[in-house]
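Summary of the model geometry
In case you want the letters, here they are:
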Amino acid sequence: MLKLKKIYKSFGDLQVLNGVNLEVKQGEVKAIIGPSGTGKSTLLRCINYLEKPDEGEIILDQLQLNAKTITKKEIYELRKSTAMVFQSFNLFKNKTVLENIIESLVLIKKVEKNKAIEVGMDILKKVGLEEKKNVYPAKLSGGQQQRVAIGRALAINPKVILFDEPTSSLDPELVGEVLELIKKLAKENMTMVIVTHEMSFAKEVADKVAFMDDGKVIQEGTSEELFSSVTNPRISKFISRLSR
Amino acid sequence: MVNFDIQFAIRLVPLMMQYLRVTLMLSIFTMIIGLMIAFIISLIIDAKITFLSPLMRVYVSFFRGTPLLAQLFLLYFGLAQVIPVFLKLSAFNAALIVLSLNSAAFMSEAIRGAVISIDKGQMEACMSIGMTYWQAMRRIILPQAIRTAIPALSNSFINIVKSSSLAYTIGVTEMMAMAQLEAASSYRYLEAFVVIILVYWLIISVLTYLQNKLELRLNQY
């Protein structure tokens, strides 16, 4: 369903992505792990075109986007069917919880306001924050903000949700509620790509885990395959350092 | 104490108030027009539009880098000699144009600074849900930036009110012109200028009070 072909990206002299290939199937949850600075987040941002790849192809169902020839219209098309959840939530500070969620419906999808509110309330129910609908993001805990951000992503009705370290800026006691919500979405067969440092979570939720190093996916498999029978010394070093 | 004719001073107050209308009209129109131009300039510079963006930077540099009085004289006396349209311009309108253009240069920098100060994540979130740059600006970035810009914009408005007194030099009969006229005809310069300074101070105090009210209202999120 989602296919990345030979994605290259550099910032100045720094080559961040070195020809990444990745495939995500319908309903699959794919975790991307690896040491810091290996381009995991950049890859995710390329899928949403927040970063423009230098080269490579992104295929999402019938959308075929080549970095060399992509048009503005195609970028908007891509963004209409992919959603991003950020490490630092990035909720719209001047909008209430409900407004954050329905913004894309009203503005981009041109859904009628009443209908949008209906959809928005359903989503709020799902993320468990109905009673916070008229509250501004600044008044919420980090965990609640991230749940709203996931709700905002759901409102796009995306083919795939991209999570960029969704729990990294949360207090430890707030991580659980966000992971629970992601698990719930996994059960509903939402297609997701998750960049994470939570190894136990990756093991538990991800159908496939991709290990990235030096701007490339160097190994991929189910979590058992990747964690138990590690053949690559770089991966075993990374995993042993984490479990210490 | 030198003799300060209190009664003369008090008699001046209602006279000033008649011309307060002109001062306020000039100031408020300037603020409205100036603010609109300022938004356009700051967005053009922020969006880095080719050709227009450097042009706007020159505009800002010119109006911030030359005296307001010189700009006023250049338009009303100078350009009127070569461009016939400016000959037909009333002094009030000439002052309005120059004050608007001038204040826009200052206010555009206040707005641009506030836009820059907004967390980059806000724009990224807008982009990620499929907004265009202009949609993001209108719905998310500017509403937040305006809150940050209010103190600086209030400062600009205060400056506009005071700068409007320069209009008297090209013959607009506003408060300052009135004070000058009364002072000259009665030789009571002290009284006339004490009164006008107090009136200006009062207006600005009211504006500052309104600014605080506005900031409180915008602090809801």
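Residues numbered from 1 in each chain as written. Chains lettered and ligands numbered in written order. Predicted model: local features only at pLDDT ≥ 70, side-chain atom pairs only at ≥ 80, totals over all residues. Heavy atoms only, no water.

Concerning the layout of surface pockets
All names here are of chain B. Of the pockets and cavities examined, the largest pocket occupies roughly 770 Å³. Taken together, 24 residues form the lining of the largest pocket, with D46, A47, M123, M127 and Y133 sitting closest to its centre. Residues of the lining of the largest pocket, tallied by class, amount to 14 nonpolar, one polar and nine charged. The volume enclosed by the second largest pocket comes to roughly 300 Å³. Every residue along the wall of the second largest pocket is listed here: M31, L35, I146, I150, L153, S154, F157, I158, L207, L210, Q211 and L214. It is helix 7 (residues 133-163) that provides the largest number of residues to the lining of the second largest pocket, a total of six residues. Shared between two domains, the lining of the second largest pocket holds at least three residues of each, these being domain 1 (1-19 + 173-221) and domain 2 (22-154). (1 Å grid on protein atoms, 1.4 Å probe; cavity = no way out; pocket = protein on both sides within 12 Å on 5 of 7 lines; lining within 4 Å. Points joined across faces, edges and corners; volume = space filled by probe spheres on them. Nonpolar A, V, L, I, M, F, W, Y, C, P; charged D, E, K, R; others polar. Helix = DSSP H or I, 4+ residues; strand = E, 2+ residues; numbered from the N terminus. Domains from an automatic or database assignment.)

Points about the packing of aromatic side chains
Residues and elements named next belong to chain B. Applying the stated criterion to the full structure yields six aromatic pairs over all chains. Each ring, one from F62 and one from F63, has its centre 5.0 Å from the other, and the planes form 90°; the classification is edge-to-face. For F63, a relative accessible area of 10% translates into the label buried. Ring geometry for Y76 against F77: centres 5.2 Å apart, planes inclined by 70°, an arrangement best described as edge-to-face. Taken together through their ring pairs, the aromatic side chains of Y59, F62 and F63 make up a single cluster. (Phe/Tyr/Trp six-rings, centres within 6.5 Å; stacked < 30°, edge-to-face > 60°. Buried < 20%, exposed > 50% of the residue type's maximum accessible area, 1.4 Å probe, protein only.)

Re empty space enclosed by the protein
Once rolled over the atoms, a probe with the size of a water molecule shows which space is left empty. All names here are of chain B. According to the stated counting rule, one finds one cavity of 30 Å³ or more in the structure shown. Of the pockets and cavities examined, the largest cavity occupies roughly 30 Å³. Considering the residues around the largest cavity, the lining is formed by L68, L72, A95, V98, L99, S163, S164, L166 and A167. Contributions of two or more residues to the lining of the largest cavity are made by helix 3 (68-82) and helix 5 (91-117). Looking at which element gives the most residues to the lining of the largest cavity, the answer is helix 5, with three residues. Each residue belonging to the lining of the largest cavity can be placed in one class, and the counts come to seven nonpolar, two polar and no charged.

A closer look at the sheet that holds strand 10 (residues 216-221) of chain A
Residues and elements named next belong to chain A. Read across the open sheet, the six strands follow the order 6-7-8-3-9-10; overall the sheet is mixed. Lying at the two open borders of the sheet, with one neighbouring strand each, are strand 6 (82-85) and strand 10. Going from strand to strand, the sheet's axes swing by 20° on average, the running direction of each strand aside. Pairing between strand 6 and strand 7 (residues 160-164): four bridges, direction parallel. Looking at the pairing, V85 lines up with F163 of strand 7. The strands that helix 6 (residues 172-187) touches are strand 3 (29-33), strand 7 and strand 8 (192-195); relative to strand 8, the one it contacts most, it runs at about 150°. (Pairing = 2+ DSSP bridges. Axes fitted to C-alpha atoms, helices over the stretch in contact; angles between N-to-C directions. Contact = heavy atoms within 4.5 Å.)

Some details on the nonpolar core
Counting residues in hydrophobic clusters, the biggest one holds 127 residues, and the most contacted among them are L2(A), I150(A), I161(A), M192(A) and M131(B). Here this core takes twelve residues from helix 7 of chain B, the largest share from any one element. Contacts of I150(A), omitting those with residues within four sequence positions, involve V85(A), F163(A), V178(A), L181(A), I182(A) and L185(A). One finds V22(B), L68(B), L72(B) and A91(B) within the second-largest nonpolar core, a separate group that totals 16 residues. (Core = buried A, V, L, I, M, F, W, Y, C linked by side-chain atoms within 4.5 Å.)

What to know about the UniProt feature "transmembrane region" (unreviewed entry) in chain B
Residues and elements named next belong to chain B. Taking the UniProt record as the reference, the feature "transmembrane region" (unreviewed entry) is found at residues 20-45, 57-79, 85-107 and 189-210. End C-alpha to end C-alpha, residues 20-45 measures 36 Å, and it is 100% helix and 0% strand. In residues 189-210, the share of helix is 100% and the share of strand is 0%. The end C-alpha atoms are 32 Å apart. (UniProt positions renumbered as here; feature names shortened; annotations may be inferred.)

Overview of helix 3 of chain B
With 15 residues, helix 3 of chain B should reach 21 Å at 1.5 Å per residue; the first-to-last C-alpha distance of 21 Å fits that figure. If you look at helix 3 of chain B, its biggest bend is around 35°, right at L74(B). (Expected span 1.5 Å × (residues − 1). Bend = angle between axes of the 7 residues up to and from the residue.)

A look at unusual backbone geometry
Excluding glycine, residues mostly carry a negative phi; peptide bonds, for their part, are mostly trans. In this structure, F89(A) is a non-glycine residue whose phi angle is positive, near 65°. Positionally, F89(A) belongs in the loop between strand 6 and helix 3 (97-107). Not every positive phi belongs to a glycine, and F51(B) is a case in point at roughly 70°. Tracing the backbone through its elements, the reader meets F51(B) in the loop between helix 1 (6-46) and helix 2 (52-65). Owing to a relative accessible area of 64%, F51(B) belongs among the exposed residues under this scheme.

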